[in-house]
Every structure is written in structure tokens, then in C-alpha cells.
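Understanding the architecture of this molecule
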Amino acid sequence: MGKMPISLIRFGEGSFWMPAPASTAAPAVDRVFDFILYVSIFFFLLIVALMLFFIIRYHRGRGVEAEKTATHHTGLELMWTVIPLILVFIIFYLGFTGYMNLATPPANTYEVNVVGQKWKWLFTYPNGHVDDNLHVPLDVPVRLVLTSEDVIHSFFVPAFRVKKDAVPGRYTNLWFEATEPGEYDVFCAEYCGTSHSDMIARVIVHPPGEFEKWLQDASNFLERMAPADAGAKLMTTRGCKQCHSIDGKSNIGPTFLGIYGREGVFKDGRRYTVEENYIRRAILDPQSEIVAGYEPVMPTYKGRLKDQEITAMIEYLKTLKE
């Protein structure tokens, strides 16, 4: 590698520290990161070298009287005051200009609403379509409006160098412009519970002209698919399977396996039988009827699912027979 800087040592298309940059914001973030890294490495090596020099230069055996040392040196005082001050100003300038760029989206951004919930990201497009991965067009600025259904999550795309908290009860936003087509990881960067590490999604960047076609096809899946298949897709994209298993195993909520026609008891002692209206109430008003043995943690999907989508989900649950 010769004299190549550490952060420029490439592993595939990325570096040792970061994946390959894929947004317009990434170069500014990398500049600050590289500058701080190089300064830290330089002073670490300088301090270690001086420490070793002083140990060797001033080492004395027992019985040798120590030399007197200087108590003040104006030149040194100025040097270790002025140099750090200059470095701090450079870091501030690089950080501030990068921050202002990240905090000020262009006027012509494409807007997508993002909801974080245990343990899923949901992306809602302007036409109402909801997906569990983020699809965006290439070379178009995209603004994300984030919120959370339960606890604090943090939306993080390493390749874009953008990260923002999703906070329950309020909205935050970030923007980016993808510069390379492809798929990129989305992580939750704020610990949010036992399955925090499973809260993963993808950003799919479409080449020019393909994003509009994808959005049209994806939005019409209820018309193209059988109701049970559409219900299975909805159960996945809306995060239902994060809490309800389909193999009979116990989870945060009751298993979906064999749920249709199942009889049981609510916490208040009333008995129930799972049929169409029960499932609908459980989706739209989950806190009204809590199954015995489970906690009331499910969020409501009122206003977030159409009647046709609820019907498809019911049809899917009917197929999960024991």
C-alpha cells in the first residue's frame, strides 16, 4: 500500500471504515471523518514517539540527582494553544458546512413518510402505497419524514452517511440524493428491544425511468394477486410476523398457526372465537380485547389499512391451518 492513507485502503468498493459512498452527502461526511482520523493518528504517533524519546534520553540509575526542568516556556505555550485552535476551527468549518447541507433539503424533493416500529420500517409513498423497503429514483433528492409507533428508533443508511432518530409523538426528517443505482442496507442505530438487530431494511435505488414503473406495479398488488397471497404479503410488509409466528411457536403475540376458529379467553375472563369480525377488531382496536397471557403492546392499524387489505389478511389467516 506504500504511503496510502488508512481510510483510503479499499476493501471491495468501500474502505476499512465505511461502505462505498453512494449519496451526494457522503463526501462531506467522509472529509470530516478523514481529517479527524489523520489528526488523531498524527498526534498519537507524536506523543508515543516523544514519550519513548524522553524515557530513553532522561533515564538515570539510582543515586543520580534529577536535573532541574523549565517551569515556563512562552513558545511552547503558544504552540500548544494555537495549533489545537486552528485544528478545531478546521473541524468546525468542515462539520458545519456538511451539517447545513444535510439540514437544508432542496425545494424539489420527493417525499416519503417513514414509520419505525418494533421491529420494522414502513415506507409510505405519496400515492398511499406502503412497503417494507425504501425505493427511490437515482439522482433525485428524497426527503424522509420519520416518526415512531412505540420507542425511539434511528434510521441509518451507512452508504449514504445519513442517520436520524424516529421519535414517537413527533416528526423528524432527513434528505439524501442517491448517486449510484443498487441496494443498500438500512439499520436501526438506537437499541429498541430484544429484536433490535433484526430491524433491517433495504434502500433500492432505481435507474432513471424505472422507479415510476415499480411504484405503479407495487401499488396494484391487490388487483394482481389472490387475496390470501396479498394477505401474506401484507402480513410481512406491515411487520405482523415480527410478533406473531406462523409455525406455532410462542412470541410477543399469539401464533397465527391455526388461529382461525380458535377459542380462548380474554384477560377480563370473557371467551372468544376467532372469526372475521374478531380479526378486524384485533387489527383496528387491539387494546380493547387482550388475550390472556399476553401484554397489550400491539399498535392500532386504524387509518393505516384499507378494508380490502384487512379482508386479504383475513383470507391469509384462514389458510394457516394446523
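Below you will find a few notes about this structure.

1. Considering the overall build of the chain
- Scanning the chain for helices and strands turns up seven helices and 14 strands.
- The C-alpha radius of gyration computed for the chain amounts to 28 Å, which surpasses the reference 20 Å derived for 322 residues by more than 25%, pointing to a less compact arrangement than a globule.
- Summarising its shape, the C-alpha atoms of the chain cover approximately 90 × 55 × 35 Å along the three principal directions.
- For the chain, with 322 residues in total, the buried portion stands at 38%.
- For the chain, contacts bridging at least 24 residues in sequence account for 60% of all contacts bridging at least 6.
- For the chain, the exposed surface amounts to about 19,200 Å²; the carbon and sulfur share of it is 61%.
- Charged side chains of the chain number 32 positive and 36 negative; the gap between the two group centres comes to 5 Å.

2. As for the packing of helix α5 (residues 227-237) against helix α7 (residues 307-319)
- Contact geometry for α5 and α7: axes closest at 7 Å, N-to-C directions at 100°. By the angle between their directions, the pair α5 and α7 is classed as roughly perpendicular. Of the residues in α7, those touching α5 at Pro227, Ala228, Ala230, Gly231, Ala232, Leu234 and Met235 are Glu309, Ala312, Met313, Glu315, Tyr316, Leu317 and Thr319.
- For the contact of α5 with α7, a count of residues per class yields 10 nonpolar, two polar and two charged.

3. Comments concerning the pattern of salt bridges
- The tally for this structure, following the rule as stated, stands at 15 salt bridges.
- One network of salt bridges, in which partners are shared, links Asp268, Arg270, Arg281 and Glu289.

4. Side note on the layout of surface pockets
- Taken as a whole, the largest pocket spans an internal volume of roughly 820 Å³.
- Considering the residues around the largest pocket, the lining is formed by 40 residues, among which His244, Gly253, Pro254, Pro286 and Met298 are closest to the centre.
- Elements with a minimum of two residues in the lining of the largest pocket: α6 (276-284) and α7.
- By residue number, the principal contributor to the lining of the largest pocket is α6, which donates five residues.
- Classifying every residue of the lining of the largest pocket by side-chain character gives 26 nonpolar, six polar and eight charged.

5. Some thoughts on the sheet that holds strand β9 (residues 162-166)
- As summarised here, the arrangement of the five strands in space is β6-β12-β11-β8-β9, forming an open sheet in which the pairing is mixed. Each end of this open sheet is capped by a strand with a single partner; those strands are β6 (134-137) and β9. When strand polarity is set aside, the average angle formed by the axes of neighbouring strands in this sheet is 25°.
- Here β6 pairs with strand β12 (residues 201-206) via four bridges, running parallel. Among the inter-strand pairings, proline 137 is bridged to a residue of β12, identified as histidine 206.

Calculation notes
- Residues numbered from 1 in each chain as written.
- Predicted model: local features only at pLDDT ≥ 70, side-chain atom pairs only at ≥ 80, totals over all residues.
- Heavy atoms only, no water.
- Helix = DSSP H or I, 4+ residues; strand = E, 2+ residues; numbered from the N terminus.
- Rg over C-alpha atoms; globule rule 2.2 N^0.38 Å.
- Buried < 20%, exposed > 50% of the residue type's maximum accessible area, 1.4 Å probe, protein only.
- Contact = heavy atoms within 4.5 Å.
- Areas by Shrake-Rupley, 256 points an atom, 1.4 Å probe, with all protein chains shown as cover.
- Lys, Arg positive; Asp, Glu negative; His and termini not counted.
- Charge placed at Lys NZ, Arg CZ, Asp CG, Glu CD.
- Axes fitted to C-alpha atoms, helices over the stretch in contact; angles between N-to-C directions.
- Parallel < 35°, antiparallel > 145°, perpendicular 65-115°, else oblique.
- Nonpolar A, V, L, I, M, F, W, Y, C, P; charged D, E, K, R; others polar.
- Salt bridge = Lys/Arg side-chain N within 4 Å of Asp/Glu carboxyl O.
- 1 Å grid on protein atoms, 1.4 Å probe; cavity = no way out; pocket = protein on both sides within 12 Å on 5 of 7 lines; lining within 4 Å.
- Points joined across faces, edges and corners; volume = space filled by probe spheres on them.
- Pairing = 2+ DSSP bridges.

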